[in-house]
Amino acid sequence: KSHQPQCNSPSRQPPSRGPSRAMAPHRTLVLLAAALASCPAMARVATRVSVNPIRRVVTMLQEMQKKIIGEGETEAKLFDEYMCYCKTGGSTLQASIDEATTKIPQLESSIEGFGAENVQLVQDIDQAKKDRAESEATMAEATGIREKEAAAYAKEEASQKTDIAAMTKAVAALEKGMAGAFLQTPEAAVLSRVASSDDWEQSDRQAIASFLSAGQGDADSYAPSSGEILGIVKQMKDTMSKDLGEDIAAEEAAIKENEGLIAAKTKEVKALSQSIETKTTRLGETGTGLVEMKEDLDDTKKALEEDTKFLKDLDNNCATKQGEWDARSKTRAEELVALADTIKILNDDDALDLFKKALPSPSLLQLKVTSKEVMRSARQALARGKKHDARLNLIAMAMHGKKVNFDKIVGMIDEMVVLLKKEQGDDDSKKAYCQKELDAADDQKKALERTKSQLLTTIADGKEAVATLIEEIEALTAGIQALDKQVAEGTELRKEENTEYKKLMASNSAAKELLSIAKNRMNKFYNPKLYKAAPKQELSAEDRIAVNNGGTPPPTEAPGGIAGTGVAIPAAASFLQVSLHSSSAKAAPPPPPETFGAYTNKGEESNGVIGMIDLLVKDLDKEMTESETEEKNAQEDYEKFMADAAEKRSLDAKSLENKESAKAAAEQSVLTAEQEDKATLKELMANAEYIGGLHAECDWLISNFEVRKQARSDEIDSLGRAKAVLSGADYSLVQTSSHSRLLRRGRA
């Protein structure tokens with residue numbers, strides 16, 4: 001019957017294969033031949049036996065049957081285990097292959113998707129950077145255009161205000177009937193320039209031109225047209241004021257539009273920066289994932305290739321093993337059939353009766369060999385091995401003794417077999433230990449090498465980060481120092497500008513007061529109605545009491561200042577005045593003047609002088625107003641500059657602190673990595689030393705393992721043969737025709 005393997009306990013490791021020896025077709029003949037070969041001189045001492053010799057032959061054949069059946073059961077168990085491995089191991093490998101086959105397309109698809117996403121992210125980031133640069137360039141361009149427009153507007157506004165101020169003065173002069181005095185002022189030239197523009201009607205330009213040209217003659221010649229001129233000038237002034245208002249409105253609208261554009265572009269730049277940062281982070285994540293998936297794909301492909309090859313080899317090996325088992329089973333069955341047939345022939349009742357009739361006396365002699373012959377045969381059995389242990393020589397020496405104890409030698413053989421098996425077991429354990437430790441040490445070496453490589457990368461990155469941080473810290477420190485210098489210079493400049501402003505305001509105020517006094521003095525003579533008397537001296541309470549009682553008021557103190565007017569002399573003006581006095585004191589006395597003629601009142605000329613004084617006062621007021629505005633704007637700019645500088649310094653200081661902390665952390669990280677690198681190097685050296693020790697301990701054993709194993713197997717076989725000779729010395733049978741003939745001759 002064909003044997004069907006039963007898988008009870010699956011195992012991934014195939015059972016060890018026994019020695020592949022071809023089974024002899026007829027073991028009976030082999031054993032008989034071995035018995036004959038081991039005892040060539042067994043017919044020296046004969047002993048009668050009461051038992052039929054055929055029974056003993058049958059018993060030996062039956063023992064052979066049992067032994068063959070037992071070996072078959074043992075081999076069947078080993079074969080079952082091997083075939084179970086073929087089934088379970090094959091299914092496990094097939095499952096792994098199926099999983100890898102499914103996983104590879106998924107990984108390839110994921111890698112393709114991540115690669116496409118990476119490309120898209122790079123394109124999006126580049127586009128976002130371009131858009132951000134364009135937005136920043138647009139803001140810079142808009143800011144530049146706005147600054148140019150603002151400068152042009154400021155210039156145009158100043159010009160228009162100057163023209164309107166001149167028109168205002170012209171209107172005031174014409175309304176007061178002081179047209180002649182007005183024509184002698186700079187505002188008349190401004191009016192001439194304004195009237196020459198093509199923006200006005202031709203008739204108005206001609207009228208203004210006639211008015212201005214008439215001023216070169218007698219003042220009374222253009223008096224009748226002053227009303228018309230006044231109307232034209234007022235209309236021009238109103239038109240210019242309206243144009244100025246429209247320009248102001250247009251400027252404000254342009255400012256608002258520019259602010260809106262800047263705000264929109266700033267928001268756009270911020271959104272693009274956030275998008276760039278987010279996509280850059282995502283790009284790093286997808287790049288890392290892509291590398292990991294590629295490594296996973298490569299590992300999966302390699303595993304698939306190895307599993308496929310192993311499964312193919314497994315199928316071939318299992319098929320080969322099945323064929324060997326079938327042949328072995330067939331041979332064993334044939335042997336059992338041969339034994340059964342032989343037993344049937346010899347054990348038949350008719351055959352037994354025949355042997356009794358044909359052999360009235362024992363034809364088969366059981367010859368008991370001498371101890372020397374048994375020992376010689378046993379020594380020959382021991383000597384069949386190619387290599388021998390020195391301990392086998394000890395057993396052989398024991399067989400040479402004169403007083404030989406078979407039981408003691410058999411015991412020595414048994415002990416030697418047990419010892420050899422124990423040594424082989426020790427070698428098996430030592431080999432497994434060596435392979436396990438070498439694999440573990442090699443894995444540890446690879447892990448340490450990877451760790452060291454990672455640490456070297458960390459150290460290099462850390463040093464690069466520290467160098468970058470040092471450069472950034474130096475740049476921030478230099479920037480803070482430069483900012484502090486700019487703040488100091490700006491503060492000093494602001495102080496100088498403020499000092500100049502105060503000097504200018506003091507000088508202009510003194511000049512205005514002095515011009516007002518001079519005008520009042522001229523009005524006292526030429527226009528008494530416009531004269532303003534000086535305020536009376538306010539008497540104190542004591543002085544009022546004294547005057548009421550008939551006393552005299554206290555004397556009025558002479559006013560100080562410039563020409564006794566009480567106007568204080570500014571420092572710069574005082575210096576100038578001293579210089580002028582000094583110069584006049586050193587100059588030669590002028591020649592005597594001519595004598596005057598009849599006195600005439602210069603009322604008409606006084607009007608021009610007073611008008612000029614008024615114009616000077618207005619110029620001073622204008623200059624003071626502009627100075628106040630400039631001072632206010634300069635102070636606001638300075639305060640804004642200081643606030644911006646303080647904010648920038650605070651941010652730079654905070655950034656400097658953060659970078660100092662980051663630098664310290666990076667340096668600590670580098671130091672830690674270097675320490676870990678040294679520790680890893682020590683572990684690598686210890687690992688190399690340990691591997692070297694393992695090789696020194698295990699290489700010889702591993703390289704000679706099979707040789708030693710075969711040698712022990714041969715020794716055990718030799719010991720088994722020797723033991724068989726010693727154990728079978730009392731019942732070994734030899735039947736030859738020559739022995740039978742000798743015995744018959746002896747009886748005859």
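Remember, it's a predicted structure, so these values are computed and weren't measured experimentally.

The rules behind these values
Residues numbered from 1 in each chain as written. Predicted model: local features only at pLDDT ≥ 70, side-chain atom pairs only at ≥ 80, totals over all residues. Heavy atoms only, no water. Helix = DSSP H or I, 4+ residues; strand = E, 2+ residues; numbered from the N terminus. Buried < 20%, exposed > 50% of the residue type's maximum accessible area, 1.4 Å probe, protein only. Contact = heavy atoms within 4.5 Å. Disulfide = S-S within 2.5 Å. Salt bridge = Lys/Arg side-chain N within 4 Å of Asp/Glu carboxyl O. Phe/Tyr/Trp six-rings, centres within 6.5 Å; stacked < 30°, edge-to-face > 60°. Lys NZ or Arg CZ within 6 Å of the ring centre and 35° of its normal. pLDDT = per-residue confidence, 0-100.

Asks: Quick question: what am I supposed to make of the overall build of the chain here?
Replies: Secondary structure summary: the chain contains 15 helices and zero strands in total. Out of the 748 residues in the chain, the part that is buried amounts to 27%. At a minimum sequence separation of 6, the contacts of the chain that also span at least 24 residues come to 87%.

Asks: I would appreciate a short explanation of the state of the cysteines in the present structure.
Replies: What we call a disulfide is simply a covalent bond connecting the sulfur atoms of a pair of cysteines. Summed over all chains, the structure comprises two disulfides. The partner cysteine of C86 in its disulfide is C318, sulfur to sulfur 1.8 Å. Because the torsion about its S-S bond is -100°, the bridge between C86 and C318 counts as left-handed. Of the two residues, C86 is situated in helix α2 (residues 53–175) and C318 in helix α6 (residues 226–346); the sequence distance between them amounts to 232 residues. Note on C86: relative accessible area 12%, which makes it buried. Linked covalently through their sulfurs, C434 and C698 form a disulfide whose S-S length is 2.0 Å.

Asks: Which parts of the structure should I look at to understand the pattern of salt bridges?
Replies: One side chain can pair with another of opposite charge once the charged atoms of both are near each other. If you walk through the whole model with that rule in mind, you get 29 salt bridges. When the shortest N-O distance is used, the salt bridge between R712 and D427 registers 2.7 Å. Of this pair, R712 sits in helix α14 (residues 705–727) while D427 sits in helix α10 (residues 406–526); the two residues are 285 residues apart in sequence, bridging distant segments of the chain. For the pair R712 and D427, one class covers both residues: buried. Note that R649 is salt-bridged to D484, the shortest N-O span being 2.7 Å. Highlighted residues: R649 in helix α13 (residues 603–703) and D484 in helix α10, separated in sequence by 165 residues. Each member of the salt-bridge network shares a partner with another, and the members are E423, D427, R708 and R712.

Asks: Hey, could you run me through the packing of aromatic side chains in this one?
Replies: By convention here, two paired aromatic rings are described through the distance between centres and the angle between planes. Counted according to the given criterion, the structure contains one aromatic pair. Seen from their ring centres, F79 and W325 are 4.6 Å apart, and the 10° between their planes marks the pair as stacked. Note that F79 is positioned in helix α2 and W325 in helix α6, a separation of 246 residues in sequence. Accessibility classification places F79 together with W325 in one group, the buried group. Note that K321 overlies the ring of Y82, its terminal NZ or CZ placed 5.4 Å from the centroid.

Asks: Before we go on, may I ask you to explain the confidence of the model for the chain in this structure?
Replies: In low-pLDDT regions, the fine details of the predicted coordinates are not to be read closely. When pLDDT is averaged along the chain, the result is 75, and 70% of the positions lie at 70 or above. Here residues 9–51 is a poorly scored stretch, pLDDT under 50, and it has 58 contacts once near neighbours within four places are set aside; other chains count.

Asks: Sorry if this is basic, but what is going on with the side chain of D677 here?
Replies: Secondary-structure assignment places D677 in helix α13. We classify D677 as buried; its relative accessible area is 12%. Non-local contacts of D677, meaning those with residues more than four positions away in its chain, are made with K452, L455, L456 and I459.

Asks: Please clarify how the environment of W200 should be interpreted in this entry.
Replies: Following the sequence through the fold, W200 ends up in the loop between α4 (186–195) and α5 (202–214). For the pair W200 and M236, spaced 36 residues apart in the sequence, the C-alpha separation amounts to 8.1 Å.

Asks: Can you walk me through the environment of A467 in this structure?
Replies: Summarising the element assignment, A467 is placed in helix α10. The class for A467 is partly exposed, based on a relative accessible area of 37%. In sequence terms A467 and A666 are 199 residues apart; their C-alpha atoms lie 10.0 Å from each other.

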